[in-house]
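Here is how the chains run, residue by residue.
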Amino acid sequence: MIKRTLAACVAAATLSTAAQAADVEVLHYWTSGGEAKSVAYLKEKLTEAGVGWKDFAVAGGGGENAMTVLKSRAVSGNPPTAAQIKGPSIQEWGELGFLSDIDSVAKANNWDALLPGVVSDVMKHDGKYVAAPVNVHRVNWLWANPEIFQKAGATIPTTWDDFLVQAKKIQDAGYIALAHGGQAWQDATVFEAVVLGVGGPEYYQKAFVELDADALNSATTEEVFRVFGEIRGLIDENSPGRDWNVATSMVINGEAAMQIMGDWAKGEFTVAGKTPGVDYACVAAPGTSGSFTFNVDSFAFFAQSDADAQKAQQEMAKQILGQDFQKVFNLNKGSIPARLGMARDEFDSCAHASMDAFVSSAQTGGLVPSFAHGMAVPEAVSGAIYDTATNFFNSDQSAAEGKAQLIASIQAAM
Ligand code: BGC
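About the thresholds
Residues numbered from 1 in each chain as written. Predicted model: local features only at pLDDT ≥ 70, side-chain atom pairs only at ≥ 80, totals over all residues. Heavy atoms only, no water. Buried < 20%, exposed > 50% of the residue type's maximum accessible area, 1.4 Å probe, protein only. Helix = DSSP H or I, 4+ residues; strand = E, 2+ residues; numbered from the N terminus. Pairing = 2+ DSSP bridges. Domains from an automatic or database assignment. Contact = heavy atoms within 4.5 Å. Buried area = accessible area lost by both parts, 1.4 Å probe. Salt bridge = Lys/Arg side-chain N within 4 Å of Asp/Glu carboxyl O. Polar contact = N/O pair within 3.5 Å; in protein donor to acceptor, adjacent residues only side chain to side chain. Nonpolar A, V, L, I, M, F, W, Y, C, P; charged D, E, K, R; others polar. Phe/Tyr/Trp six-rings, centres within 6.5 Å; stacked < 30°, edge-to-face > 60°. Lys NZ or Arg CZ within 6 Å of the ring centre and 35° of its normal. Core = buried A, V, L, I, M, F, W, Y, C linked by side-chain atoms within 4.5 Å. Disulfide = S-S within 2.5 Å. Near = heavy atom within 4 Å. Areas by Shrake-Rupley, 256 points an atom, 1.4 Å probe, with all protein chains shown as cover. Expected span 1.5 Å × (residues − 1). Arc of directions from axis to C-beta.

(A) A look at the pairing of strand β10 (residues 256–260). For β10, a buried count of five out of five residues is recorded, marking the element as mostly surrounded by other parts of the structure. Where strand β8 (residues 141–144) and β10 come together, three bridges link them in antiparallel fashion. Bridge pairing in β10 places Leu142 opposite Ile260. In this structure, strand β9 (residues 176–178) lies alongside β10, joined through two bridges in parallel fashion.

(B) Layout of the domain arrangement of the protein chain. What the domain assignment reports for the protein chain is domain 1 (2–136 + 295–354) and domain 2 (138–294 + 363–413). Taking only C-alpha atoms into account, the centre of domain 1 sits 29 Å from that of domain 2. At the junction of the two partners, domain 1 supplies 29 residues and domain 2 supplies 30 residues. Interface area for domain 1 against domain 2, summed over the two sides, is near 2,300 Å², with a carbon-plus-sulfur share of 58%. Where domain 1 meets domain 2, there are two salt bridges. The partner of Glu379 in a salt bridge is Lys71, and the shortest N-O contact between them spans 2.8 Å. Counting across the domain 1 and domain 2 interface gives six residue pairs in polar contact (both at pLDDT 80 or more). If you list the elements that add at least two residues to the side of domain 1 that touches domain 2, you get α2 (33–48), α3 (64–75), α4 (88–95), α16 (323–333) and α17 (349–364). Here the side of domain 1 that touches domain 2 takes five residues from α17, the largest share from any one element. Across the side of domain 1 that touches domain 2, the residue classes break down as eight nonpolar, 13 polar and eight charged.

(C) A look at the packing of aromatic side chains. Here the structure, examined in full by the defined rule, presents 25 aromatic pairs. Between the aromatic rings of Tyr204 and Phe208, the centroid separation amounts to 6.5 Å while the plane-to-plane angle is 45 degrees, which identifies the pairing as tilted. Taken together, the residues Tyr204 and Phe208, both in helix α10 (residues 184–208) and four residues apart, mark about one turn of the helix. Among the residues examined, Phe208 registers a relative accessible area of 0% and is labelled buried. Members of the aromatic cluster, each reached through a chain of ring pairs, are Phe191, Tyr203, Tyr204, Phe208, Phe225, Phe228, Phe371, Phe392 and Phe393. For Arg138, the ring lying beneath its charged end belongs to Trp141, and the centroid distance is 4.9 Å. Geometry around Phe392 places Arg232 over its ring, the cationic atom sitting 4.1 Å from the centre.

(D) Region of interest: the nonpolar core. Membership of the largest hydrophobic core comes to 71 residues, with the highest contact counts inside it found for Phe163, Phe191 and Phe208. No other element matches α10, which puts 12 residues into this core. Contacts of Phe208, omitting those with residues within four sequence positions, involve Phe191, Val195, Tyr203, Leu216, Phe371, Ala376, Val377, Ile385 and Leu406. Formed by 61 residues, the second largest nonpolar core is a distinct cluster that contains Val26, Ala83, Phe294 and Ala317.

(E) View of the pattern of salt bridges. On inspection of all chains with the given rule, the structure shows 18 salt bridges. For Lys45, the salt bridge is made with Glu48, and the minimal N-O distance between the two is 3.5 Å. Pair noted here: Lys45 and Glu48 are both in helix α2, with a separation of three residues, about one helical turn. Judged by relative accessible area, which is 56%, Glu48 ranks as exposed. A salt bridge links Asp348 to Lys266; the shortest N-O distance between them is 3.0 Å. With Asp348 in the loop between α16 and α17 and Lys266 in helix α14 (residues 265–271), the pair connects residues that are 82 residues apart, well separated along the chain. Looking at Asp348, the relative accessible area reads 22%, which means it is partly exposed.

(F) Examining the state of the cysteines more closely. Taken as a whole, this structure holds one disulfide when the rule is applied. Across a sulfur-sulfur distance of 2.2 Å, Cys282 and Cys350 are joined as a disulfide pair. The sign of the S-S torsion, about -105 degrees, decides the handedness of the disulfide formed by Cys282 and Cys350: left-handed. With Cys282 in strand β11 (residues 281–284) and Cys350 in helix α17, this pair connects stretches of sequence that are 68 residues apart. Residue Cys282 is classed as buried on the basis of its relative accessible area of 18%.

(G) Summary view of the site of the ligand. The environment of the ligand is formed by 13 residues, the closest being Glu35, Lys86, Asp297, Lys333 and His373. In this structure, Glu35 approaches the ligand through a side-chain N or O atom, which is 2.5 Å from an oxygen atom. Here Lys333 contributes a side-chain N or O atom positioned 2.8 Å from an oxygen atom of the ligand. Summarising the interface, the protein chains cover 100% of the accessible area of the ligand, which totals 310 Å² for the free molecule.

(H) Local environment of α2. Over its 16 residues, α2 extends 23 Å from the first C-alpha to the last, a length consistent with the 22 Å expected when each residue adds 1.5 Å. Those residues of α2 lying buried are Gly34, Glu35, Ser38, Val39, Tyr41, Leu42, Lys45 and Leu46. Looking straight down α2, one finds its buried side chains confined to an arc of 135 degrees; they lie on one side. Following α2 by one or two positions, Gly50 has its phi on the positive side, about 85 degrees.

(I) The environment of Met355, seen in detail. Looking at the element boundaries, Met355 is found in helix α17. Residues Met355 and Arg344, 11 residues apart in the sequence, show an inter-C-alpha distance of 8.8 Å. Setting aside chain neighbours within four positions, we find Met355 in contact with Ile336, Pro337, Arg344 and Phe347.

Here is the structure:
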């Protein structure tokens, strides 16, 4: 009896060591309804592949909180196995020597051929893949509740001037025009849409990606702040601090007519059982129909000394680029697959619009990286833009003051 119990204990211990060796601890900030459903599928795929999942979720839209926690874990010599890091930050972590490469998986599975150049470039450090992309989000979207528009006698706006006119009609009919969460990254998301819609992609690229002094110090920048300032009057008084998904639910529930947000918002409509073109509309943010601000989510892999942990990382990287994962994850997340050549039929009309715009904007120069979502400039600069946008939006600064503040804070961060 004792022998049998001991044998069972040993077997259990062996099993748990094996399971532990193959665990991945994954830092992410996907905690809303649509996001949680998406990340649950990654866990499911890994479990199927024999890799254990240790969830390290840090709530907070846009990931600022998660990045703070990641830094403290990394500095104390205890980074997670993989973390949701994207854009130029991948390079910053790579330069600091924290990342391990997954190039053997990328080569064996031909990632260079499976990914658009604009995506694969960002995933590499020193020419080797150190991160795996899960999706492509389009940020410049306007989400609308058609019933409210109809009741207010308003039409869905295609320019920012028209947006201001239609929003007024909606307010006059007793609805909140724009569902907004007063958090710096959400202010910056709306600001980015105004930059692109008012200035166009060429101005966007020069001023907010290349940080060209003349483009920043132009009349266009002042016009951007003028329009952005008008939006202050279109949100409700309870917006400070509100999470983005709560703002989305206001559009879903018929409290507010519109939200300017990336297509992770679509994940919330999907989870609520809503159909695009029927229950809600997804259109390009005003003035941006030919453009696409891209935001690619990815997992970067932190250097591990343990061989089993390295194997688990490689399995995770392999699963992420798999067709199953790229399909199901993105159906839930609201984004489109990062992997090229995927079947489109199960995706909805918003995803089709995004897929088409991704291809066409790349040909016309309208494909630009999102500065509000960490794709365009180093963290210090995007922080300076966040601060300026949020200070302006929450004050009565004039457009000229906004512009001066923007130039000064970018300069200080460079
Ligand atoms: C991320 C999305 C996420 C959103 C809200 C964005 O920066 O790329 O994956 O859903 O923030 O947290």
